[in-house]
Amino acid sequence: MLRPCSLLLWQVAVSLSSHVVTASRCGGGSDIFTALRENSPMGQFISELGMTAEAGANKAERATSLRLCVSGDDAAWFYLEGRTLRLNASDPRVLDREAHGPMLIAELTCYQDNVIQTKFRILVEILNENDNRPKFVKETIHRFTVSELTAVNSVLFTVKAMDADGDMISYIIDPSSRDPQFFRIDLPNSGKIVLNKPLDYETRTQLQVLIWAQEVNTEEKFNISAVLTVNIEDGDDQYPHFLPCTPISPGDPVCVSPNYSTNISQKQQDLVLKFSPGPIRAEDGDRGLNTSLIYSILSGGDQSQFRINNRTGEIQLTRAVPLRHQEKTFTLTVMQMSHHCR
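Residues numbered from 1 in each chain as written. Predicted model: local features only at pLDDT ≥ 70, side-chain atom pairs only at ≥ 80, totals over all residues. Heavy atoms only, no water.

### A short note on the overall build of the protein chain
Part 1 of the argument: Across its full length, the protein chain carries three helices and 25 strands.
Part 2 of the argument: Scored against the burial criterion, the 342 residues of the protein chain give a buried share of 34%.
Part 3 of the argument: Partitioning the contacts of the protein chain with sequence separation of at least 6, the portion at a separation of at least 24 is 65%.
Part 4 of the argument: Summed over its atoms, the accessible surface of the protein chain is roughly 21200 Å², and 52% of this surface lies on carbon and sulfur atoms. (Helix = DSSP H or I, 4+ residues; strand = E, 2+ residues; numbered from the N terminus. Buried < 20%, exposed > 50% of the residue type's maximum accessible area, 1.4 Å probe, protein only. Contact = heavy atoms within 4.5 Å. Areas by Shrake-Rupley, 256 points an atom, 1.4 Å probe, with all protein chains shown as cover.)

### Comments concerning the side chain of glutamate 148
Part 1 of the argument: Secondary-structure assignment places glutamate 148 in the loop between strand S9 (144–147) and strand S10 (155–158).
Part 2 of the argument: Taking the relative accessible area as the measure of exposure, glutamate 148 reaches 4% and is therefore buried.
Part 3 of the argument: A polar side-chain atom of glutamate 148 sits 2.8 Å from the main-chain amide nitrogen of tyrosine 201. (Polar contact = N/O pair within 3.5 Å; in protein donor to acceptor, adjacent residues only side chain to side chain.)

### Topic: the sheet that holds strand S2 (residues 45–48)
Part 1 of the argument: Taken together, the three strands give an open sheet; going across it, the order is S2-S5-S4, and neighbouring strands pair in antiparallel fashion. Two strands bound the open sheet, and with one partner strand each, they are S2 and strand S4 (78–81). Pairwise comparison of adjacent strand axes, ignoring direction, gives a mean angle of 25° for this sheet.
Part 2 of the argument: Bridge analysis of S2 against strand S5 (residues 84–87) gives three bridges, and the strand direction is antiparallel. Among the inter-strand pairings, glutamate 48 is bridged to a residue of S5, identified as threonine 84. (Pairing = 2+ DSSP bridges. Axes fitted to C-alpha atoms, helices over the stretch in contact; angles between N-to-C directions.)

### Quick word on unusual backbone geometry
Part 1 of the argument: Backbone torsion omega between leucine 243 and proline 244 reads 0°, so that peptide bond is classified as cis.
Part 2 of the argument: The phi dihedral of aspartate 113 falls on the positive side, at around 55°, and the residue is not glycine.
Part 3 of the argument: Mapped onto the fold, aspartate 113 is located in the loop between strand S6 (103–112) and strand S7 (115–127).

### Quick look at the sheet that holds S10
Part 1 of the argument: Taken in spatial order, the three strands line up as S10-S14-S13 in an open sheet, and their pairing is antiparallel. The open sheet terminates on both sides in strands that have one partner only, identified here as S10 and strand S13 (183–184).
Part 2 of the argument: Examined bridge by bridge, S13 and strand S14 (residues 192–195) share two bridges and lie antiparallel to one another. Of the residues in S14, the one forming a bridge with phenylalanine 183 is leucine 195.

### Here we look at the environment of threonine 262
Part 1 of the argument: Within the secondary structure layout, threonine 262 lies in the loop between strand S19 (255–256) and strand S20 (271–272).
Part 2 of the argument: Residues threonine 262 and phenylalanine 330, 68 residues apart in the sequence, show an inter-C-alpha distance of 9.9 Å.
Part 3 of the argument: With sequence-adjacent residues up to four places away left out, threonine 262 is seen in contact with Leu273, Lys274 and Phe275.
Part 4 of the argument: At a separation of 2.6 Å, a polar atom in the side chain of threonine 262 contacts the main-chain carbonyl oxygen of lysine 274.

### Some details on the nonpolar core
Part 1 of the argument: If you look at the biggest cluster of nonpolar residues, it comprises 24 residues, and the most contacted ones within it are Phe136, Phe157, Val159, Tyr171, Phe183, Ile211 and Leu228.
Part 2 of the argument: Contributions of two or more residues to this core are made by S9, S10, strand S12 (169–173), S14, strand S15 (206–215) and strand S16 (223–233).
Part 3 of the argument: Not counting chain neighbours up to four residues away, the residues in contact with phenylalanine 136 comprise Ile141, Val159, Lys160, Ala161, Tyr171, Ile211, Trp212, Ala213, Ile224, Ser225 and Ala226.
Part 4 of the argument: Counting 23 residues, the second largest nonpolar core, distinct from the first, contains Ile32, Met51, Leu104 and Leu108. (Core = buried A, V, L, I, M, F, W, Y, C linked by side-chain atoms within 4.5 Å.)

### Topic: the packing of aromatic side chains
Part 1 of the argument: In the structure shown here, the tally under the stated rule is two aromatic pairs.
Part 2 of the argument: Judged by centre distance (4.0 Å) and plane angle (10°), the rings of phenylalanine 144 and phenylalanine 157 are stacked. In this pair, phenylalanine 144 sits in strand S9 while phenylalanine 157 sits in strand S10, placing the two residues 13 residues apart along the sequence.
Part 3 of the argument: Taken together, a centroid distance of 6.1 Å and an interplanar angle of 75° make the contact between phenylalanine 242 and tyrosine 260 edge-to-face. Of the two residues, phenylalanine 242 sits in strand S17 (residues 241–242) while tyrosine 260 sits in the loop between S19 and S20, which places them 18 residues apart along the sequence. (Phe/Tyr/Trp six-rings, centres within 6.5 Å; stacked < 30°, edge-to-face > 60°.)

### Description of the pattern of salt bridges
Part 1 of the argument: Summed over all chains, the structure comprises six salt bridges.
Part 2 of the argument: When the shortest N-O distance is used, the salt bridge between arginine 204 and aspartate 179 registers 2.8 Å. Residue arginine 204 is located in the loop between S14 and S15, and its partner aspartate 179 is located in the loop between S12 and S13; the two are separated by 25 residues in the primary sequence.
Part 3 of the argument: For arginine 204, a relative accessible area of 28% corresponds to the partly exposed category.
Part 4 of the argument: What makes aspartate 179 buried here is its relative accessible area of 2%.
Part 5 of the argument: Its salt-bridge partner being aspartate 186, residue arginine 184 comes within 2.7 Å of it at the nearest N-O pair.
Part 6 of the argument: Connected through salt bridges with shared partners, the residues Arg178, Asp179 and Arg204 form a single ionic network. (Salt bridge = Lys/Arg side-chain N within 4 Å of Asp/Glu carboxyl O.)

Have a look at this one:
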């Protein structure tokens, strides 16, 4: 009765041993999730691979050939040193988040006897560092032209700077620049330059101001500056005046109109009169507009005995002065006005 039982046990043992196989040496690994700072040096440690030990525990394991391979779009950024994964960077090829993007993605394949055993993902986040200074957008710092009639508190223009690291930018007017008193920035993060005081073409035709763009939320506070030139455009805000101009007071653009005088004889007629202190001539107070003027006689023309050229201001005596007007003084009132060409 005992011998059948012994035979049964032996058969079971044989059956179990026939299913034992050599374990894969690619086991023990896992996907790699880690992070590196941009600008990390060559050979920077990334991860230790959790594969089976290199030397097998028995002859069967030692006879197998284990091979690891990194592939994928970003594979060139990695190299293997034994079971250690390291960064493959160099002086001309720096790990730059702004140039490459936020992630390095690759795949680690484990071969045993040239047969793929398993694959693992490599995901490395590139951590941002503050390694870029702000830069002004070129189109926002060109030469500007502003009318002198622009109202105070108007936004003249908007400057803009970009930071490749995505840092917040604040804008500042340098008080040591040439004309800071004409400008202000109400909202430092907006870059909007506001007119702070009235403009006057007759006293200043050009202004300059120095603008700084500076990082707000960083320890380094990197910044950049730009000098902006603002040309002032003449507006129609001045009256014409006769020449020569005698200012009411020094520095005052308002002139006292001169008195022109001449002498005529009884026989003179069809004659252009010569006046003192010079020819009747006027100019527009807004010299930058180059506005033509029109002359006319308001009173004293003595029934067209005097005629004025409405373009040049020349006055002509059209007929001789009668005998009854000997020793007579003629007083003419001449007006000039701006004529805007459209």
